[in-house]
Structure formats: structure tokens, C-alpha cells
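# Survey of secondary and tertiary structure
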2 protein chains.
Amino acid sequence: MTQLQEMGQRAQRAARVLNTISTSKKNEALNAIAENLIHCQSEILEANAKDMEAAWASGMSASLLDRLSLTPKRLNAIAQSVQEVTALPDPVGKVIGGGTNPNGLRIEKVSVPLGVVGMIFEARPNVVVDAAVLCLKSSNASILRGGKEAICTSSALEQAMRKALESVQLPADCIQLVKDTSRNSALEMMKLNGYIDVLIPRGGAGLIRSVVENATVPVIETGTGNCHVYVDNSCDIEMACQIVDNAKTSRPSVCNAIENVLVHRGIASSFLPLMKKALDARHVELRGCPETVRILGGCVTTASEEDYDTEFLDYILAVKVVNSLEEAIQHINTHGTRHSECIVTRDYANSRKFVCEVDAAAVYVNASTRFTDGGEFGLGAEIGISTQKLHARGPMGLNELTSYKYIVEGNGQIR
Amino acid sequence: MTQLQEMGQRAQRAARVLNTISTSKKNEALNAIAENLIHCQSEILEANAKDMEAAWASGMSASLLDRLSLTPKRLNAIAQSVQEVTALPDPVGKVIGGGTNPNGLRIEKVSVPLGVVGMIFEARPNVVVDAAVLCLKSSNASILRGGKEAICTSSALEQAMRKALESVQLPADCIQLVKDTSRNSALEMMKLNGYIDVLIPRGGAGLIRSVVENATVPVIETGTGNCHVYVDNSCDIEMACQIVDNAKTSRPSVCNAIENVLVHRGIASSFLPLMKKALDARHVELRGCPETVRILGGCVTTASEEDYDTEFLDYILAVKVVNSLEEAIQHINTHGTRHSECIVTRDYANSRKFVCEVDAAAVYVNASTRFTDGGEFGLGAEIGISTQKLHARGPMGLNELTSYKYIVEGNGQIR
């Protein structure tokens, strides 16, 4: 039995315990975790200093260093977000359907935990805590595998959480961190059938692709966001500028930021210069189609076909002039990643057509794509944003970490 | 571009049309299909005769020949079941959640089709029609791949359905059959990312395993049923006998039939002889643990460890005496396939414990596992029984063939 299989077995045992405890007990554990994260502050920050030192020595960029760094204030915020999960309703044990058959058989459809949730991620250390506590609240055991850059921090956070679980007489194995950060351990997790019920990768397009290609366990694809704003012929140009500016520049590194603007030919010559002015102020590089370049002049690079398929996650925006709403929809359904898509329009029929025909988790009319988020969508907290259609789509909260079972009660019915 | 990729592209185009038509239009198509299946009766039965001849020549068993065979009566039943789907509520376009944010953003969660559904199956010709019409009613285009034994029949059924679609001005490509029945076409379907949104295999354990191991498209595992009845210490022995008899012998070839009986030690010596008497009348072969053999005598074979992991789909039953309810639950969670599991008991606490701790799509108290079925569970019709926890669990009806999207409407909101 490999180390990961052993972890899987321990997670299953822990999941069985989680499946039988009350909401109060789970909230007690969450409170204990929040307290212990603060209590272990010095160990956690020391571990983080080690990661930071190694990352700095390896030449990590300033923005990534910032993401990696923990401060007392950030740790406090993490602990507080754990406490906030206690206030969210328990997603498990809800009766979500049912009835009584003519033969007297009583059928009840009840929400249940998924069991063991695997997560592979590359992101900030706080993801370790976020993922672990959302799994805990939904009665799932978690097996977490982060990147090697944050391994000391992640281990310290894991230890603090496991000790808190033990302090309230729950199995520490409800939360396990994979210490082996080699590619092999990720590949093995992807094939840990029989131990992991669901695998959720969070990270860049390369990670997601590797999981989709290699995983034999059920997967929820998350997060790749090649998002568009389509500026319709009939739109309010001011509004379109504000939305494009906000969706591109308020936080370019996140998945609900846009990477493309499609502009109807009829409005391109009046809209594009205004848009360029707004984006120039933020130093956004524009890569345009020939028509865009013609309108805006030589300061705009010509976009390659690849640019329309790229999630820049940076101050870069691909721009294309289209002949019709149909062409815009077709472009989005071809190049988009089914994440968040927006139309800016005053035309009722065009808004309905866009909303119906664009295939994405979230489709916007006259609002920034940046709202695709568990908090904004009323889910309370979020473990990721699904870009697939199976199981969950868009922001995933606690409910999306559950399955259901049918409970059938009779008095001897046979068929 | 391969042939399957071309089929995928055509299916996507057809799915886009299906996504925009009304329920009435879909019902019109279903009625046209039902009528044309009857209208094309002679072509379909002729094609079936070809399949039957080839199957007979290849030495196919009588029971499989019977499954393959179509008669006017059976074709009529198929056509009628198509018509019945018109009466089911449309699963698409339902508003399933939403609200208005403090900033005025209106968020609506609406059910949408999955898009293109792939199905690989080995079963009876009627599955072609069942799958195609359930996909159609849920606005999904379908790519169907059956076994080579039924290829003439399946093709004739596909043609009849496609012509019916054309007769009501819908794209024939809403329904496509893969004519290449080689292993290669199945493998290619499993990796048809970007074309197939969901793949649903229906068939034996070998097919399911191959799909789970090879597929890179999202999969819903179906149908493998290694199901148990646990006969508790405190049960009504008569009832336990009837349930075991019904669950084993009313239709041994289906996935909701049981393969195992677990008996509490305290009741084994009184229950097992009665059970044996009932099952002897149906010529059921028992394979027992040493304790079972001791109680029932030499006429019972000793079960191998493998027997407890085998879906016999036949008049064979594995029997094991257990020391406790805990042992029964542990055995089921280790050897079961998460399909349908039953406890026969008079004890309230034991019934609750079993229902909570057994990990399966359907958990029964005092009723036969044979009720796990879309019709019985109120879903109207069924495209398969999911044994995974992601997306859908247990019988899958029309709702389980949908996803959802968020529609977000604003008047210029930015974040």
C-alpha cells in the first residue's frame, strides 16, 4: 500500500466519523481551528518565513512573493473566515425531495457528504485552510496537495488544524496534507479511485489540463477564465467603457477578469477610442484585429489567433470587431472557457439571445464579469469556480460539496 | 478531423438549435418519432432479423437472443414509451434559485441542457430510442454507440428517428449513431473533449471500468450493482425471506438485484434454512461462508473472497454470517458498488444506523432493492442508474440530464 493509499484509507475512516456528527460538533471544531491558528501564530509565521526565504532565493516575482507571504494580520483574517463558516447552514442532512408510493414505500432524498475530497492547488497558503474548513463543514474529509513553494507554511497550517480537531475529540485525519510535492504525488492522487470521491484542481490552465487528461477519479474542473465583454451596436458607450475597464483592470490576475472585448462593427469607431483612453490610464496593452488596428492606429499590436485563446491574467486585452451578435456568440462559444461572459446592450432581444445562446457558467447583461464569486452569488463561501457542466457550475459553495442518497423505508414491500 | 470529431461538431450545432426551441416543439418531435417508428416497422424488423441471424450463427445464448429480438409488439411498446415522454415536464429553463443583490444586480439560476451527451452501451436495441428521446426532451444532442450485435437494428431505429426530426424541421443530427462498433471508436469517444459534454456508459462492469480508466471527458458511472440484504438479529424472519427471494430472483440479470445476503449470527441458524428452502424452489446456487456451510450442510459451496466482489447477474447468491451490524456495514462499504443496500430489521436504532452509515445511492429498510428505478422513484423515465456521487446518484431522469447557468442582469454595476 502506497503512502497516498494509506492517507486515503485514513481519510475514509475520518469521513465515516464526520458523517455521523452534529452541526454543533462541526462548528465546535471550526471554532477550535480558528483559535488554534491564532495560538500557533509564531510557528506558522516562522514556517512562512522559511518558504519566503527559499522563494526569494529562487527568484520568485514580487507579486507571487506577496501571495505567499503571511502576516499576523493575514493570519487573523484567515482565522476569522474560519469562524464565519460556523454561521453558514449545514449542507448535509437536508431532505431535498421524496414522497410515498402507492404501495406505501416512503422515499426520501437526503443530502449527504461526498466523502473524501482531494484538492490539488498552486495558490496562496490560505487555500489550505479555506478548502479544509469548507470540506469539514460539509462533513467531507480532505486530502490537500499544495505547491512546494508553500510547503512549510501549509504544513504548519495543517498541524494547527489537526491539533484543533484532536482537541475536540475528532480524528485529525479529517484534514491531511500531502507532503510529497513531486509531480508523481499529483499523478497518483488523480488515479486514487476507491479512496478519493472527487478531485478538485485549483490553479493555472496547465494544472487543470493535466488533471483532466490524467485523472480517473471524478473531477470538477475549475477556474480557467477566458472571459469576454461583447459591446453591442445598441449599447450605452459610457457604461460599456466602465464595464470593460472594471472587468479587465480591477484585478487582472483572477479568473473572472476579462481577456477579450468583442465590438460590433456599427459602434466600433466611436467606442474603441474611448475604451483605449480609459485603458491607457491603466497601462493596458491592446492586441487588436486588423479593423481595431485601423481604427486605433499603429500603437495597437495586431492580435494573433492564439491571443484569442489565451488567459493573459495580466494588463493585456485582445480586441475584435465583429459583424453581428451571432458572430460574437459564435466567437465566445468557440474561444471561451465557459466561465463568465457579458453583453453590454440596450436591446431587449439581443440581451435574451446572448443570455440563452452563450454557453457559460455565468452570463451577464450590463454588469462586470468580476461578480462571479461565491460571496456575490449568495453561497457564503467558495471552494472554486466550476467551468464544467457536471455536478456544479460556477461558484461552488458548501452545497456543491454534497451528494445525495435515497432512503427507502417499507414494511416488507417486494416488486 | 476524424469522423467522430465531425459527428461531435454536428451534434454541437444541433444542440444549439435544441437549446432555443420550445417544449411544444420538442413534444412535436417526440410524437413524430413515435409515429415514424411504427411507420418504419417493416424496415426495422427486417434489420433486426439480420442481427438475429448473425447472432444466432455466432452462438449467442438464448437469453441474449431474446434481449436482441424485436417484435411488432415490442416496437409498439417502444413507440408508446416515446409518446409518454411528451407528458413529462420539461427539465430545461426552470428557475431554480436567485435573488437581487444590494447593488441591484439580479441573479437567476436556471436549468440548461448539458449540450452533447455521449452514450456507450451494450444492451437491448430499445436503449437507442430511450436514450435519444430522453436527451431530446432535455434539449441535448446525443451521440450513441451500441454494440455490434445490434448494429443493423440500431441503425434502422436511428434512421426512423432522424427522418422524424427532419419532418418537423429539426436537425437530424440531434440524434446520431456511431456506426463504427470497434473498440477504437469507443476509446475515441471517451477522449472527445470539446465535443462531448458528458459520457454515460451503460453496460457490464468491464465497459464501465474501461470508461472510468480511459475517459478524459466527464463521465457518469452507471449500473454496476453488487447489492446486499443484511438480515438483522431483530428482524421478521418471514419478511426477510420474502425480501431476499424477491431481490434475488424476481429479475436476476438487472443491477438492482442482490448478489449477497449478510446474516447476523444471532438469527443465522433460524433464518438460513428458511431462506434456503425459498431459494431452492428457484434453483438458486448458494455460496456461503464457513458458518453458513456449517448451518446449511454440505449442499452449499464455500464462497471465495472473490464471490463477495462479484456481480453474478444470475441465480447465484453469496451468503455470509456476520457478528454485528457494524460488521455488516463495514462489509457493504468495502465490497458494495454504492448502488442499493437493504437492512431487514425491527430495531429502530439499527435501521437509523444502517441508513446513515451505508454509502449507497439507495438504502432500504424492510423493502426489496428491486425498487431502485426511475419510475418507482418518481422520475418518470430513466437513462441509467448512477453509482457515483458527482452530479447524480441513483436513477437518472430528465432533470439529471441538465446543468444550470447563472444569468446576471444589471444596469452598469462594476466591482
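Please refer to the structure placed before this passage.
So, a few notes on the structure that sits alongside this text. (Residues numbered from 1 in each chain as written. Chains lettered and ligands numbered in written order. Predicted model: local features only at pLDDT ≥ 70, side-chain atom pairs only at ≥ 80, totals over all residues. Heavy atoms only, no water.)

Below, the discussion takes up the relation of the copies chain A and chain B. Note on the identical chains: chain A maps onto chain B by a rotation of 180° and an axial translation of 0.0 Å, with an RMSD of 0.1 Å. Read as a symmetry element, the transformation amounts to a two-fold axis. Identified as the residue of chain A closest to the rotation axis by C-alpha distance is A:His391, at 1.8 Å. The share of interface residues of chain A whose copies in chain B are also at the interface is 100%, consistent with both copies meeting through the same surface. (Least-squares fit on C-alpha atoms with pLDDT ≥ 70 in both. Contact = heavy atoms within 4.5 Å.)

This next bit is on the packing of helix H2 (residues 23–39) of chain A against helix H7 (residues 151–167) of chain A. All names here are of chain A. Across the interface, H2 lies against H7 with an axial gap of 8 Å and an inter-helix angle of 135°. Here H7 runs oblique to H2, going by the angle between their axes. Crossing hand, H2 versus H7: right-handed. Taking contact as the criterion, the partners of Ala29, Ala32, Ile33, Asn36 and Leu37 in H2 are, on H7, Leu157, Ala160, Met161, Lys163, Ala164, Leu165 and Ser167. (Axes fitted to C-alpha atoms, helices over the stretch in contact; angles between N-to-C directions. Helix = DSSP H or I, 4+ residues; strand = E, 2+ residues; numbered from the N terminus. Parallel < 35°, antiparallel > 145°, perpendicular 65-115°, else oblique. Left-handed = near helix turned anticlockwise from the far one by under 90°.)

Further remarks concern helix H11 (residues 265–280) of chain B. Residue and element names in this part refer to chain B. In this model, H11 (16 residues) spans 22 Å end to end at C-alpha, consistent with the 22 Å of a helix rising 1.5 Å per residue. Turning to H11, its buried residues are Ile267, Ala268, Phe271, Leu272, Met275, Lys276 and Leu279. Where H11 is buried, its residues meet strand S7 (227–231), helix H10 (237–249), strand S8 (258–264), strand S9 (285–288), helix H12 (290–296) and strand S11 (316–322). (Expected span 1.5 Å × (residues − 1). Buried < 20%, exposed > 50% of the residue type's maximum accessible area, 1.4 Å probe, protein only.)

Applying the stated criterion across every chain yields a total of 50 salt bridges over all chains. The shortest N-O distance in the salt bridge between B:Lys248 and B:Glu259 comes to 3.0 Å. In this pair, B:Lys248 sits in helix H10 while B:Glu259 sits in strand S8, placing the two residues eleven residues apart along the sequence. Like B:Lys248, the residue B:Glu259 is buried in the burial classification. With its nearest N and O atoms 2.9 Å apart, the salt bridge here joins B:Asp307 to B:Arg287. A residue pair is termed long-range when its members are at least 10 positions apart, and B:Asp307 in the loop between strand S10 (301–302) and S11 and B:Arg287 in strand S9 qualify at 20 residues. In this structure, a network of salt bridges that share partners links the residues A:Asp197, B:Arg338, B:Asp359, B:Lys389 and B:Arg393. (Salt bridge = Lys/Arg side-chain N within 4 Å of Asp/Glu carboxyl O.)

For the rest of this paragraph, the subject is the interface of chain A and chain B. One frequently used descriptor of interface size is the decrease in accessible area upon assembly of the parts. Contact residues are listed per partner, giving 71 residues for chain A and 71 residues for chain B. In total, chain A and chain B occlude about 5800 Å² of area from one another, counting both sides; carbon and sulfur atoms represent 51% of this. Along the contact surface separating chain A from chain B lie eight salt bridges. For A:Glu376, the salt bridge is made with B:Arg415, and the minimal N-O distance between the two is 3.8 Å. Linking chain A with chain B are 38 residue pairs in polar contact (both at pLDDT 80 or more). If you tally residues by element for the side of chain A that touches chain B, the top one is strand S16 (residues 402–413) of chain A, at eleven residues. (Buried area = accessible area lost by both parts, 1.4 Å probe. Polar contact = N/O pair within 3.5 Å; in protein donor to acceptor, adjacent residues only side chain to side chain.)

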